[in-house]
Amino acid sequence: MGIDEYGGGQQEKSDVLVVTTNDVPGYRVERVIGEVFGLTVRSRHVGSQIGAGLKSLIGGELKGLTKTLVQTRNQAMERLVEQARARGANAVLMMRFDVTEAADVGTEVCAYGTAAVIAPQQ
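Note that this is a predicted model, so its numbers are computed, not measured.

Cut-offs and rules
- Residues numbered from 1 in each chain as written.
- Predicted model: local features only at pLDDT ≥ 70, side-chain atom pairs only at ≥ 80, totals over all residues.
- Heavy atoms only, no water.
- Pairing = 2+ DSSP bridges.
- Helix = DSSP H or I, 4+ residues; strand = E, 2+ residues; numbered from the N terminus.
- Contact = heavy atoms within 4.5 Å.
- Axes fitted to C-alpha atoms, helices over the stretch in contact; angles between N-to-C directions.
- Patch = residues over 30% accessible without salt bridge, like charges linked within 9 Å, V, L, I, M, F, W, Y side chains within 5 Å.
- Areas by Shrake-Rupley, 256 points an atom, 1.4 Å probe, with all protein chains shown as cover.
- Salt bridge = Lys/Arg side-chain N within 4 Å of Asp/Glu carboxyl O.
- Buried < 20%, exposed > 50% of the residue type's maximum accessible area, 1.4 Å probe, protein only.

Q: Now, about the sheet that holds strand β4 (residues 106–120): what can you tell me, with residues and values included?
A: Each strand in a sheet pairs with its neighbour through backbone hydrogen bonds, running either in the same direction (parallel) or in the opposite one (antiparallel). One open sheet accounts for four strands, arranged β1-β3-β4-β2; its pairing is mixed. Edge strands, defined here as strands with exactly one partner in the open sheet, are β1 (17–18) and β2 (27–42). One ladder, built from two bridges, connects β1 with strand β3 (residues 91–102); its direction is parallel. Across the sheet, L17 pairs through a bridge with A91, a residue of β3. Strands in contact with helix α3 (residues 63–86) are β1, β2, β3 and β4; relative to β2, the strand with the most contacts, it is inclined by about 135 degrees.

Here's what the structure looks like:
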């Protein structure tokens, strides 16, 4: 698995900055818009679940599950950015992920944070 397959995060040229901090050094918060989130639920097909079960018997990374979770987190983050942009934000502060099992059929991933308008300090 290459770095692109198990890494994630924001694209370098995004018009909406997403950070896990309360503020952005060198910027001031001009307006807080409010909470935004991106949500997705994914399931694995039966064959991959069986393969993961067998792999867990001998130990080691479950690469197929890792790849699926990375894709899921990235999709949740894309939806978060879309919602922030639609509400007029150019930043999302305090971004976090929440991951839970969804009714024993899949994994729910929610990316959430505070949409805001930020501007460079003068």
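Picking up where we left off.
Q: Report on a nonpolar patch on the surface, specifying residues and quantitative values.
A: Together, F37, L39 and Y112 make up an exposed nonpolar region whose accessible area comes to about 250 Å². Its location among the elements puts L39 in strand β2. According to the relative accessible area criterion, L39 is partly exposed, its value standing at 37%.

Q: Describe unusual backbone geometry, listing the residues and the values that go with them.
A: Despite not being glycine, M94 shows a phi value in the positive range, around 55 degrees. For M94, the location among the structural elements is in strand β3.

These results come straight from atomic positions and should not be treated as a statement about function.
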